[in-house]
Each structure stands twice: as structure tokens, then as C-alpha cells.
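Structure assessment
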Amino acid sequence: MKKQLEALRQAAGAAIAQATDSAALDGVRVQYLGRKGDLTGVLKQMGRLSAEERPVIGQLANEVRCAIEGLLAQRGAKLQEDETALRLKAETLDVTMPGRAKALGHKHPLSIVIDEVKEIMLGMGFSVAEGPEVEWDYYNFEALNIPKGHPARDTQDTFFITESMLLRSQTSPVQIRVMEQQKPPIRIIAPGRVYRSDAVDATHSPLFHQIEGLVIDKGITMADLKGTLNQLAARLFGEGTKTRFRPHHFPFTEPSCEVDFTCFRCGGKGCPMCKGEGWIELLGAGMVHPKVLRGCGINPEEYSGFAFGWGVERLAMFRFQIDDLRLLYENDMRFLSQF
Ligand code: PHE
């Protein structure tokens, strides 16, 4: 038994030395000193010893236990120390390291041009109005003098939700909503999304943006429309930008026109951007039709007004020389980070 105890002390010592972390060390403790451990195993044989041998072996067993416990404590302390050191090292914070730079975003090109127009118009005393994108047929067509079966509905075919509810094909319904709500004088712009059932290509998208303008007051004439748009042209593209008003037809304005600006790249001489024309078509406009005014409870004998509608994508594409409208919607950072 003496030999057994010695061997046990040796083996435990070696195992303790080899334990590489506290969990392994605890395993060693259980194996040698646990209730079902090796030392207990040896002590169970004490009964077979003579009365003289028993105290000697008993003392030896105690010594062995104390020795193993001592080694365990020593090794345990060392392992604890190592583990703490390791953790401290892993968790050190080098406060002198440079920070991580955050990439700052910026406005989308469409928002840039919308905000520019807004800012200029606010400066002229306009306020911003809004209307829903899911709109009644009544506001999008009917009240704008485009009854069922009118050919103008074909050029603005859109997505219908029910027979009387649709995705607005233009921002002009906001004109009606504002005139129903407010008494003249009225001076608003209404930027927003519009929808048409067009297939996607370089110049078409089923979703795009417009900015509507509406002025209603006593004695408003076409001259006011021209003055306002000339001012807008000059502010957007620089003094000397000219406007050209071509006769056109919209059911809700009379007379109606399309408005071109001199090409801000070549100044009107003709270049690839304006396809050699010197002019760029940007707006639809006109004097609000008396029928439309009357429908909103405004007396056309007393009040008159003008309205205009911009295509925002077109404006952004000319402004930033973008040749494919799809780029505006693809969220490709290589494209977007250029603005
Ligand atoms: N809403 C018309 C369109 O989308 C543009 C327009 C607006 C024309 C206001 C005249 C007055 O084509």
C-alpha cells in the first residue's frame, strides 16, 4: 500500500503539471481526491492492514492528500494568473488607434433637384402641398376635365386598384385637392411620385416624379406664368437661360403650352446634350381651365390662374448629364457617389 500511495502521489503530480486550464485541473482533482477517486480507492483497502500498519499508512495517506492538495492549489493559482493575463491582453483597448471612418451619405440626385426647385419656389412665396399617391379617378382625371373615354386617358394609362381608385398618373390631382380646401390666393408646388403603366427603358419608368405648380388669384395671366418660369430657369441654370413656350394641349388648362429652356450646356447653340436643338423640353403648363375652377367652387369670372408640371427625372438627367433613367433607381453606389 505504501507503494500504491507513492505511485498515486507521482501520477497526480504529473497530471497536475500537465493540466493546461482550470477545468482540466478540476478534472484531475476529482480523479485523485474525489469521493470515488483513486485515493479513496486505496484507503478502502485499509481494513486488510494490521493494527500496527494502519496508523503508519493512515498518516502517509494524509501526507499524500496534503501534498496533492498543495500542488493543486499552486497550479490552480498559476493557471488563474495565466488566464487573467490572457484575457486582459485580448481585451486591451488601444485608445491611440485611429477611429473607423463613417461613410457619410448624401442626397439622391432626384432629391437634390426637387429640393432646389422647392427652395427657389419657397423664395417666391409658394408653399408645399401634398396629395396621396393612391388617388381617386375623380381627382386624377374627372375633375381635371378628363372624363371616361377621353383620349388623354390613353397617354396616362396607369395602375387601377378598383374601377374608381388608381395610382396617380400625374401630380395635377393635388391642384384639385388644394382648390377644394383653400380659398384664393393660392400659390403652391406639389412634388411627388407618379405612376404610369410604361415599360422600363432608358427614358421611361412606371414610377417617376413630378413637381406641380399652381397659382390662383385675381388677374393672373399668362405673363405671370412666363415671369415665374423665367425666374425659375434663371435660378436653376443661370442668368441668360431663355424659355420658349410652344402651343400644346392639356384638358385642364386653356391655353396650354410646353415649355423649353435653352440648353444649359451649349447655351442654345446646339450640342449632343440637346441633340443639336439648343432647347430642352422640361414642362407642361397653361392657364387653369374655367371648367376646372368652377368644379372646385372657384368663380372663373373672378379668379384665374396658371399651373405647370415638371418631370423631375428629366430635369435631373439634363442637370447631371445622366443618359439612362434606370441609373436613378438601381442604387448602385458607383453611380450615386458621383453627386
Ligand atoms: N400633368 C401634366 C402631365 O403630366 C403636366 C401639366 C401640369 C400640364 C400642369 C399643365 C399644367 O403631362
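Residues numbered from 1 in each chain as written. Predicted model: local features only at pLDDT ≥ 70, side-chain atom pairs only at ≥ 80, totals over all residues. Heavy atoms only, no water.

A word on the overall build of the protein chain. When helices and strands are tallied, the protein chain shows 12 helices and 10 strands. With the C-alpha coordinates aligned to their principal axes, the bounding extent of the protein chain is approximately 135 × 45 × 35 Å. The buried share among the 339 residues of the protein chain stands at 41%. For the protein chain, long-range pairs separated by at least 24 residues make up 67% of all intrachain contacts whose partners lie at least 6 apart in sequence. As presented, the protein chain carries roughly 19,200 Å² of accessible surface, and 53% of it is formed by carbon and sulfur atoms. Treating the 41 positive side-chain charges of the protein chain as one cloud and the 43 negative ones as another, the clouds have centres 6 Å apart. (Helix = DSSP H or I, 4+ residues; strand = E, 2+ residues; numbered from the N terminus. Buried < 20%, exposed > 50% of the residue type's maximum accessible area, 1.4 Å probe, protein only. Contact = heavy atoms within 4.5 Å. Areas by Shrake-Rupley, 256 points an atom, 1.4 Å probe, with all protein chains shown as cover. Lys, Arg positive; Asp, Glu negative; His and termini not counted. Charge placed at Lys NZ, Arg CZ, Asp CG, Glu CD.)

A word on a negative patch on the surface. Together, D154, D157, D198 and D201 make up a region of like negative charge exposed at the surface. Checked against the element boundaries, D154 lands in helix α7 (residues 152-155). (Patch = residues over 30% accessible without salt bridge, like charges linked within 9 Å, V, L, I, M, F, W, Y side chains within 5 Å. Salt bridge = Lys/Arg side-chain N within 4 Å of Asp/Glu carboxyl O.)

This part takes up the domain arrangement of the protein chain. Domain boundaries in the protein chain define domain 1 (2-90) and domain 2 (109-336). For domain 1 and domain 2, the distance between their C-alpha centres works out to 90 Å. (Domains from an automatic or database assignment.)

In the vicinity of the ligand lie 15 residues, with Q170, S172, R196, Q210 and E212 positioned nearest. Within the side chain of Q170, a nitrogen or oxygen atom sits 2.7 Å from a nitrogen atom of the ligand. At a separation of 3.0 Å, an oxygen atom of the ligand approaches a polar side-chain atom of R196. Of all the elements in the fold, those that place two or more residues in the shell around the ligand are β6 (207-217), β9 (279-288) and β10 (304-311). (Near = heavy atom within 4 Å. Polar contact = N/O pair within 3.5 Å; in protein donor to acceptor, adjacent residues only side chain to side chain.)

We now examine the packing of helix α5 (residues 109-123) against helix α9 (residues 222-237). Contact geometry of α5 with α9 gives a least axis separation of 10 Å together with a crossing angle of 130°. By the angle between their axes, α5 is oblique relative to α9. The interaxial crossing formed by α5 with α9 has right-handed handedness. Contact residues: α5 offers E116, V117, I120 and M121, while α9 offers T228, L232, R235 and L236. Its residues assigned to classes, the contact of α5 with α9 shows 5 nonpolar, 1 polar and 2 charged. (Axes fitted to C-alpha atoms, helices over the stretch in contact; angles between N-to-C directions. Parallel < 35°, antiparallel > 145°, perpendicular 65-115°, else oblique. Left-handed = near helix turned anticlockwise from the far one by under 90°. Nonpolar A, V, L, I, M, F, W, Y, C, P; charged D, E, K, R; others polar.)

Burial of β10 is extensive: 6 of the 8 residues sit out of reach of the surface. Looking at chain direction, β6 and β10 are connected through 8 bridges and run antiparallel. Along β10, the bridge assignment pairs E212 with G309. (Pairing = 2+ DSSP bridges.)

A word on the pairing of strand β8 (residues 253-262). Taken across its 10 residues, β8 has 8 buried, putting it largely inside the fold. Of the pairings in the sheet, the one linking strand β7 (residues 243-250) to β8 comprises 7 bridges and is antiparallel in character. Residue T243 lies in a different strand from β8, and its bridge partner there is F261. Hairpin connection, β7 to β8: the antiparallel pair is bridged by 2 residues. Sheet analysis places β8 next to β9, joined by 8 bridges and oriented antiparallel. For E258, the partnering residue across the bridge sits in β9 and is G284.

Given two aromatic rings, their pairing is described by the distance between the two centres and the angle made by the two planes. Scanning all chains against the criterion turns up 8 aromatic pairs. Judged by centre distance (5.3 Å) and plane angle (80°), the ring pair of Y138 and Y139 falls under edge-to-face. We classify Y139 as buried; its relative accessible area is 13%. For the pair F306 and F308, a centre-to-centre distance of 6.4 Å together with 20° between the ring planes defines the contact as stacked. Comparing F306 with F308, the two get one shared label, buried. Taken together, the aromatic side chains of F237, F261, F264 and W310 make up a single cluster linked through ring pairs. A cation over a ring is seen here: R177 above Y139, with NZ or CZ 4.2 Å from the ring centre. (Phe/Tyr/Trp six-rings, centres within 6.5 Å; stacked < 30°, edge-to-face > 60°. Lys NZ or Arg CZ within 6 Å of the ring centre and 35° of its normal.)

Let us now look at the nonpolar core. Formed by 44 residues in total, the largest nonpolar core has its most connected members in L282, F308 and W310. Within the residue set of this core, elements represented by two or more residues are α5, β6, α9, β8, β9, β10, α11 (312-320) and α12 (333-336). If sequence neighbours within four positions are ignored, W310 has contacts with H209, Q210, I211, L232, L236, F261, L282, L283 and L315. One finds A129, A152, I216 and F252 within the second-largest nonpolar core, a separate group that totals 25 residues. (Core = buried A, V, L, I, M, F, W, Y, C linked by side-chain atoms within 4.5 Å.)

Here we come to the sheet that holds β8. Strands sit in the order β1-β5-β6-β10-β9-β8-β7 across an open sheet of 7 strands; the sheet is mixed. Strands at the two margins of the open sheet, each flanked by one partner only, are β1 (127-128) and β7. This element, α9, spans β7, β8, β9 and β10 of the sheet and lies at about 30° to β10.

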